[in-house]
Number of protein chains: 2
Amino acid sequence: MFHSAEPFFRPRTVAIVGASETGGGGWAKAIYQNLEYGDFPARTYLINPKRDELWGNKVYPDFKSIPDEIDLALTIVPAQYVPGVLEEGVSAGLKAALIYAARFGEGNDPEGKKRADAIKLLCDETGLVVCGPNCMGALSLHNKQLFYPATRVRSLSAGDTGVIFQSGGTFMFWLERASVRGLGFSFAVSSGNELNLDLADYINFLVDDPTTKMIVCMVEGIRRPLAFKEAARRAFEAEKPILMVKVGRSAAGKEAAQSHTGALASDDLVLRAVCKQYGVTCCYSLDEMIEAALVFKERRWPKGPRIAMAGYSGGGKGLFLDYAEDEGAVMATLSEETVAACETEIDEGLSGQNPIDCGAGIAFRQKAFSWLCQQVVADEGVDIMAIQGQLPTRDDDPANPIIFSDVFDATDKPTIAYTRVSQNVSDAGRRFQEASKMPFVQGLDSTIKALQHLVQYGAARDRGIETLPGSSGDIVSLEGDRLGRTLGEFGLALPKSITASDVAGAVTGAEKIGFPVALKILSPEASHKTEVGGVSLNLKDPDGVKLAAQTMTANLLARSPGAQVQGFLVQEMVDGLEVIIGAREDSQFGPFMVVGFGGVTVEATQDVSLRMLPVDKDTAREMLDELRGKKLLDEFRGRSARDVEALVKAICGLSDLFASHRNQLVDFEINPLMVGAEGEGVKAVDVRFVEREE
Amino acid sequence: MFHSAEPFFRPRTVAIVGASETGGGGWAKAIYQNLEYGDFPARTYLINPKRDELWGNKVYPDFKSIPDEIDLALTIVPAQYVPGVLEEGVSAGLKAALIYAARFGEGNDPEGKKRADAIKLLCDETGLVVCGPNCMGALSLHNKQLFYPATRVRSLSAGDTGVIFQSGGTFMFWLERASVRGLGFSFAVSSGNELNLDLADYINFLVDDPTTKMIVCMVEGIRRPLAFKEAARRAFEAEKPILMVKVGRSAAGKEAAQSHTGALASDDLVLRAVCKQYGVTCCYSLDEMIEAALVFKERRWPKGPRIAMAGYSGGGKGLFLDYAEDEGAVMATLSEETVAACETEIDEGLSGQNPIDCGAGIAFRQKAFSWLCQQVVADEGVDIMAIQGQLPTRDDDPANPIIFSDVFDATDKPTIAYTRVSQNVSDAGRRFQEASKMPFVQGLDSTIKALQHLVQYGAARDRGIETLPGSSGDIVSLEGDRLGRTLGEFGLALPKSITASDVAGAVTGAEKIGFPVALKILSPEASHKTEVGGVSLNLKDPDGVKLAAQTMTANLLARSPGAQVQGFLVQEMVDGLEVIIGAREDSQFGPFMVVGFGGVTVEATQDVSLRMLPVDKDTAREMLDELRGKKLLDEFRGRSARDVEALVKAICGLSDLFASHRNQLVDFEINPLMVGAEGEGVKAVDVRFVEREE
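What you see is a predicted model; the values in this text were computed from it and never measured.

What counts and what doesn't
- Residues numbered from 1 in each chain as written.
- Chains lettered and ligands numbered in written order.
- Predicted model: local features only at pLDDT ≥ 70, side-chain atom pairs only at ≥ 80, totals over all residues.
- Heavy atoms only, no water.
- Helix = DSSP H or I, 4+ residues; strand = E, 2+ residues; numbered from the N terminus.
- Buried < 20%, exposed > 50% of the residue type's maximum accessible area, 1.4 Å probe, protein only.
- Lys, Arg positive; Asp, Glu negative; His and termini not counted.
- Charge placed at Lys NZ, Arg CZ, Asp CG, Glu CD.
- Contact = heavy atoms within 4.5 Å.
- Buried area = accessible area lost by both parts, 1.4 Å probe.
- Salt bridge = Lys/Arg side-chain N within 4 Å of Asp/Glu carboxyl O.
- Polar contact = N/O pair within 3.5 Å; in protein donor to acceptor, adjacent residues only side chain to side chain.
- Least-squares fit on C-alpha atoms with pLDDT ≥ 70 in both.
- Core = buried A, V, L, I, M, F, W, Y, C linked by side-chain atoms within 4.5 Å.
- Right-handed = clockwise from strand over helix to strand, strands pointing away.
- Pairing = 2+ DSSP bridges.
- pLDDT = per-residue confidence, 0-100.
- Phe/Tyr/Trp six-rings, centres within 6.5 Å; stacked < 30°, edge-to-face > 60°.
- Lys NZ or Arg CZ within 6 Å of the ring centre and 35° of its normal.
- Axes fitted to C-alpha atoms, helices over the stretch in contact; angles between N-to-C directions.

1. Examining the overall build of chain A
Alright, step 1. In terms of regular secondary structure, chain A is built from 22 helices and 30 strands.
Alright, step 2. Seen through its principal axes, chain A has C-alpha atoms that stretch 105 × 75 × 35 Å.
Alright, step 3. Within chain A, buried positions represent 59% of all 694 residues.
Alright, step 4. Charged side chains of chain A number 72 positive and 96 negative; the gap between the two group centres comes to 3 Å.

2. Looking at the interface of chain A and chain B
Alright, step 1. On the side of chain B, 73 residues touch chain A, which itself brings 74 residues to the contact.
Alright, step 2. Both faces considered, chain A and chain B share a buried interface measuring about 5900 Å² in area, 57% of it formed by carbon and sulfur atoms.
Alright, step 3. On the surface where chain A and chain B come into contact, there are 4 salt bridges.
Alright, step 4. Arg103(A) is the salt-bridge partner of Glu348(B), the closest N and O atoms lying 3.9 Å from each other.
Alright, step 5. Between the two partners, chain A and chain B, sit 26 residue pairs in polar contact (both at pLDDT 80 or more).

3. Overview of the side chain of Ser422(B)
Alright, step 1. Looking at where Ser422(B) falls in the secondary structure, it is placed in the loop between strand S19 (415-419) and helix H15 (427-436).
Alright, step 2. Within the structure, the side chain of Ser422(B) is placed 2.8 Å from the side chain of Asp287(A), a separation counted as a polar contact.
Alright, step 3. Dropping the residues within four chain positions of it, Ser422(B) is found in contact with Arg177(A), Asp287(A) and Gln442(B).

4. Concerning the relation of the copies chain A and chain B
Alright, step 1. Mapping chain A onto chain B leaves a residual RMSD of 0.2 Å; the transformation is a rotation of 180° accompanied by 0.0 Å of translation along its axis. One copy is carried onto the other by what is essentially a two-fold rotation axis. Closest approach to the rotation axis within chain A is made by the C-alpha atom of Asn424(A), at a distance of 2.4 Å.
Alright, step 2. A high fraction, 99%, of the interface residues of chain A reappear at the interface in chain B, so the copies pair face to face through one surface.

5. Focus on the pattern of salt bridges
Alright, step 1. Counted according to the given criterion, the structure contains 82 salt bridges over all chains.
Alright, step 2. Notably, a salt bridge pairs Glu345(A) with Arg365(A), separated by 2.7 Å at the nearest N-O pair. With a gap of 20 residues between them, Glu345(A) in the loop between helix H12 (336-343) and strand S17 (356-357) and Arg365(A) in the loop between S17 and helix H13 (366-378) connect regions that are remote in the sequence.
Alright, step 3. Asp268(B) is the partner of Lys246(B) in a salt bridge, and the nearest nitrogen-oxygen pair spans 3.0 Å. Placement of the pair is Lys246(B) in strand S13 (residues 242-246) and Asp268(B) in helix H9 (residues 268-277), with a sequence separation of 22 residues. Accessibility assignment for this pair places Lys246(B) and Asp268(B) in one class, buried.

6. Some points on the nonpolar core
Alright, step 1. Phe8(A), Leu139(A), Trp174(A), Phe8(B), Leu139(B) and Trp174(B) are the most contacted members of the largest nonpolar core, which has 240 residues in total.
Alright, step 2. Filtering out sequence-adjacent residues up to four positions away, Leu139(B) remains in contact with Gln145(B), Leu146(B), Phe147(B), Tyr148(B), Val153(B), Leu156(B), Phe171(B), Met172(B), Leu175(B), Ser186(B), Phe187(B) and Ala188(B).

7. Thoughts on the pairing of S13(B)
Residues and elements named next belong to chain B.
Alright, step 1. Burial within S13 is extensive, with 5 of its 5 residues counted as buried.
Alright, step 2. Note that the unit made of strand S12 (residues 214-219), helix H7 (residues 225-237) and S13 has a crossover that is right-handed.
Alright, step 3. Bridging between S13 and strand S14 (residues 281-283) involves 3 bridges; their strand directions are parallel. Across the sheet, the residue bridging to Leu243 is Thr281, located in S14.

8. Focus: the confidence of the model for chain A
Alright, step 1. Looking at chain A, the pLDDT average stands at 92 and 97% of residues meet or exceed 70.
Alright, step 2. We note a pTM of 0.92 for the whole complex and an ipTM of 0.91 for its interfaces.

9. Here's the deal with the packing of aromatic side chains
Between two aromatic rings, the relevant description is the distance of the centres plus the angle of the planes.
Alright, step 1. The full count for this structure, using the stated rule, is 50 aromatic pairs over all chains.
Alright, step 2. Ring geometry for Trp301(A) and Tyr457(A): centres 4.9 Å apart, planes at 70°, overall edge-to-face. Taken as a pair, Trp301(A) in the loop between helix H10 (286-296) and strand S15 (306-311) and Tyr457(A) in helix H16 (residues 444-463) lie far apart in primary sequence, 156 residues in all.
Alright, step 3. Classification of Tyr457(A) as buried rests on a relative accessible area of 2%.
Alright, step 4. Here Phe404(A) and Phe432(A) contribute two aromatic rings whose centre-to-centre distance is 6.1 Å and whose plane-to-plane angle is 75°, an arrangement assigned as edge-to-face. With Phe404(A) in helix H14 (residues 402-409) and Phe432(A) in helix H15 (residues 427-436), this residue pair connects regions lying 28 residues apart in the sequence. Accessibility classification places Phe404(A) together with Phe432(A) in one group, the buried group.
Alright, step 5. One aromatic cluster in this structure is built from Phe8(A), Phe9(A), Phe187(A), Tyr202(A) and Phe205(A).
Alright, step 6. Stacked on the ring of Phe104(B), the Lys or Arg Arg115(B) has its end atom at 5.8 Å from the ring centre.
Alright, step 7. If you follow Arg300(B) out to its NZ or CZ, it ends over the ring of Phe408(B), 3.6 Å from the centre.

10. A few points about the sheet that holds strand S11 (residues 185-190) of chain A
All names here are of chain A.
Alright, step 1. Strand order in the open sheet made by the 7 strands is S9-S8-S11-S10-S12-S13-S14, with mixed pairing throughout. At either margin of the open sheet sits one strand with a lone partner, and together these are strand S9 (145-147) and strand S14 (281-283). Averaged over all pairs of adjacent strands, the angle between their axes in this sheet comes to 15°, without regard to strand direction.
Alright, step 2. Both strand S8 (residues 137-140) and S9 contribute to a ladder of 3 bridges, which runs antiparallel.

11. Side note on the pairing of strand S24 (residues 567-572) of chain B
All names here are of chain B.
Alright, step 1. Of all 6 residues making up S24, 6 are buried, and the element is well covered by its neighbours.
Alright, step 2. Relative to S24, strand S21 (residues 497-500) is paired through 4 bridges, and the arrangement is antiparallel. Note that in S24 the partner of Ile498 across the bridge is Val570.
Alright, step 3. Pairing geometry for strand S22 (residues 517-522) and S24, over 6 bridges, is antiparallel.

12. Details of the sheet that holds strand S21 (residues 497-500) of chain A
Residues and elements named next belong to chain A.
Alright, step 1. Ordered in space as S21-S24-S22-S23, the 4 strands form an open sheet in which the pairing is antiparallel. Both outer strands of the open sheet, S21 and strand S23 (535-539), are each paired with one neighbouring strand and no more. Each adjacent strand pair in this sheet contributes to an overall mean axis angle of 20°, direction not counted.
Alright, step 2. Seen against the sheet, helix H18 (residues 503-513) touches S21, strand S22 (517-522) and strand S24 (567-572) and runs at an angle of roughly 15° to S24.

Next up, the structure:
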């Protein structure tokens, strides 16, 4: 399923193909100098048929002339020469190549497409692995292999974060900022258009790499959905969090990403459901991904969502609460003992309840502040601790990082510091942050967002990845009366209904079902029942049913003399909250579930939640909790609370039904599912499905 | 309406009361040193009855001993001594005071409240103006008056931004960051609990100050809504944009702000409507306010919303489009000529359509990039230009700011640069930014947000502030039949209805109204019409009406033998999209309009838009455009587009009705207003109102 990125990331020998003073706008030279700077971590050779010597080294005309086997070729030649270079290389034992150049089939260039096909074929036939084309290179920081055409990469630190960016233009700017903020890197690759090695391969490599503890990526398109899922699963099991910025949430952004990379654009909502399933963190912005990565770097997964905050700014506390509500964050409730302990140290008139504003006084008693934070983080009601802080910008700043590290050392819960507004991070600041043992997340809104990402990852770890059971291979019966029986087996009920051949039968049927009932006339002339007055709702007694049946017969006959009345359908009146639940097969990522509130008004606001199958009860509850209109399930505007338990069961039932009959079904939607009051259950009022064509 | 902040911000003489080496935790000394650093811009005296000399100066026991009249007292004494100090000062001619200390009635301290009342009375009786209490001081940058207890304020630059922060803890951190980012300040004040001088007073002062061109504030509560509105109106007319971070959007955040400041918490949604009316920009975060202020600093108001972007990163372009969709930003469409011109300079296979990804090649041809940006910004379809950039961090960076300033100079449209990820801003970076003549907004999402703020301010400038007409003083009739006539005068129609005394009358009435109709039985025994089968909808012909009237009579009599049937109400059947429109009086800010979609599902998602009255057609359209469910107004799921024109008229009609009868009305809601298909108009199906109690 995966190509090995091993010979690409850990070559013993490297050749720069197209080595010249000015080749590739000076890229060949810049890369050579970076390898020189790294003390030539791999034996390095130069290839250029037009030269004999360069930078004090022999230059070879081709691979076969080199008295060494080359693992990796860095090609700094125009696109049209690349296929020939690689063929020659492979014949001399070449194992991997990095293609910086573009024009391998992006856009509509047929020549480029030919080149791309030739390289793909070469890879398939010989096992050659290729990074790029149209990329900015790669870095292996622990052994200073900097295959990047500029010196600025030298400032990056080695560390435990692996980086995969499909966007080459953004790659280095992100790395530089992340480095300034305190991240270090194991491997980093600008993966370009991923002709051969792709996102899934790189993730897979980083999962196996012992120096990598976390993976961040900027993604424009996922080329091999199944391989991506498998790589994500492996990363999850290895406890290596993946953080991702995904381009193309909007239609316009998606089109841009697609035409830029040539990747198949996935349905963004489905991809997000896949990410939720595999504990992949989707970040909104490149900066957010840095702050979140700093928080994840601590490698403390919260046991729950309850956040405590301590600071000394009333305005900061207010904003923290505002952002917490926006992001659905849960604020911890402290025990009476903790509150009382805290109140011994904070300014008069202020409260020791979370979040704590200690007042300005404590700014001058930082040890007391540290002690207070230790009391708070030790409270059983707290899962995560956030502490107000500010990084020093100068070396002579008297601030002492022990104020923070003492809190960190006193607990095994995630503990972070936050600044209220961004600041430049100097070397002094970064050293302070390291000595504090916790990240200083920049800004209050970024803090809440980063912590919520952590909460969700913690929840994913608790939950694990549920694997999709194999399809049973059976065919279930969904025709006519049998639909009800099949649904029943999965805990999904249709409204009770009885077909009667005449008025008297309708009355008897209604009595059997129980009042109130709905009555519908059955006649070839009444296919649009409402229009011909052929539907009567909410009939409360036998007389009502009788009168309605007679009236609708009279109405129909008045309209269509000679119409044939076949009888009546008597149905249980179903009242409740309209919900849509559906299971569907995504062609890339497999079956998923969608849940939302019914009715055209809510459809227009796209208030839905998606998850990949299987969906268990906890996940079903999570899905409902994500809906903006979730209040509708509670007591609301005088209407009693809805039967959420039955709704959760129905969602799981549909998940089971669909998952076990994927051989048969491609789409199965219940719209509306009527959710009654607590204890009244749910009814599948309208069921539509699409069966697989053989 | 306003207290003058003049003697506070421009004192000729200052006394530090409580001057001592260690007074107020060293604050007295720190403030003295800052005044010394500023070369004593005001004649400065020290007061402390326990000392004779300090820092080489004579120390006076009180105000009256000083051989000079003191304009401003900086009080560094405990709260309980402050009232006495001020009384003595006033008797010696004191005009203004700055109270740093807390404990003037925050929380529930009765002693503090007494102190606050004493000072308020003193201010009222003598005209003394007071800043604080519970604040961090104030700065007048142009004349280096730094009434702040730390040396770090010395790094701030003078400039044209006035700053008012109710949150003292956040004040300096924000100023420092804003300064690093390139803002300079005229006056800055930590306004604290605003016992006397308040937000409105400070805004009013800054409007009159010739050095101030823009006002930013962090607000926890607005103490005098009418004064705030007047100050905001003056700022708008003086073309001095106000940018604001408001704490307390959430219930919890609001409570925190309230207990922290003692200010009356306003309804946040109403305050936001006020801000929209007066062109006040509400920012989400403290960082967002900095980036937006940098954009506003250019003082170029866009003529429209159409944004063009040029860069050389496909990933950046994709993210830009994603964020644009999130924020509802409008992307410009370039003319064919502009596209063709651009395509001469960008990489093969890429498009010259906006937003433009030029490809990596142009990174090395920055002059070509500048030329391309000039072509784009000159296009008639473009209102705002955003250019990819990166600030240099080192002095020896070869980047040339003329690339950017040439674009700025070639146009009078707002033109900004953006970075794709945040960066430290060094002195070199800030100089580059200045020479570029445009801000380098940090991050793509921040860029879109800042530009949208600018677009909205530009729109507000085009629109101006509509003033609320005075109430007519008339009483309109809203009882029974007269409600329809009154509504009619304001362009609001009730459904047609006729009361008939018998079955025949019902049929005639229905024919007069036109089919289909709804029929309701009128009877004291049928107060719950639906339950007794006393309502029949969608009757399509005379026979239907007749049958329904007879049936419901029979039904009623069967249920309640001897029931008195008074007749029937025949009503036009109204079908359409349910909308809620309401006008209401906010006790703090006056009358406002709320618009949303009807039905319980949408109520649960709180999808509403608010504006202060009066609401004109443009504003009404803007309100509809803000609704998440706005798609419902277009053709949607097979339903034809709604009569938006009629809906807009109805909103304006309700605005007129309410505005001109504020003497009578406090609340007037139409729910639902049924919006028919295009050309079919709207009908006020249910009208509820509350009249003012005399």
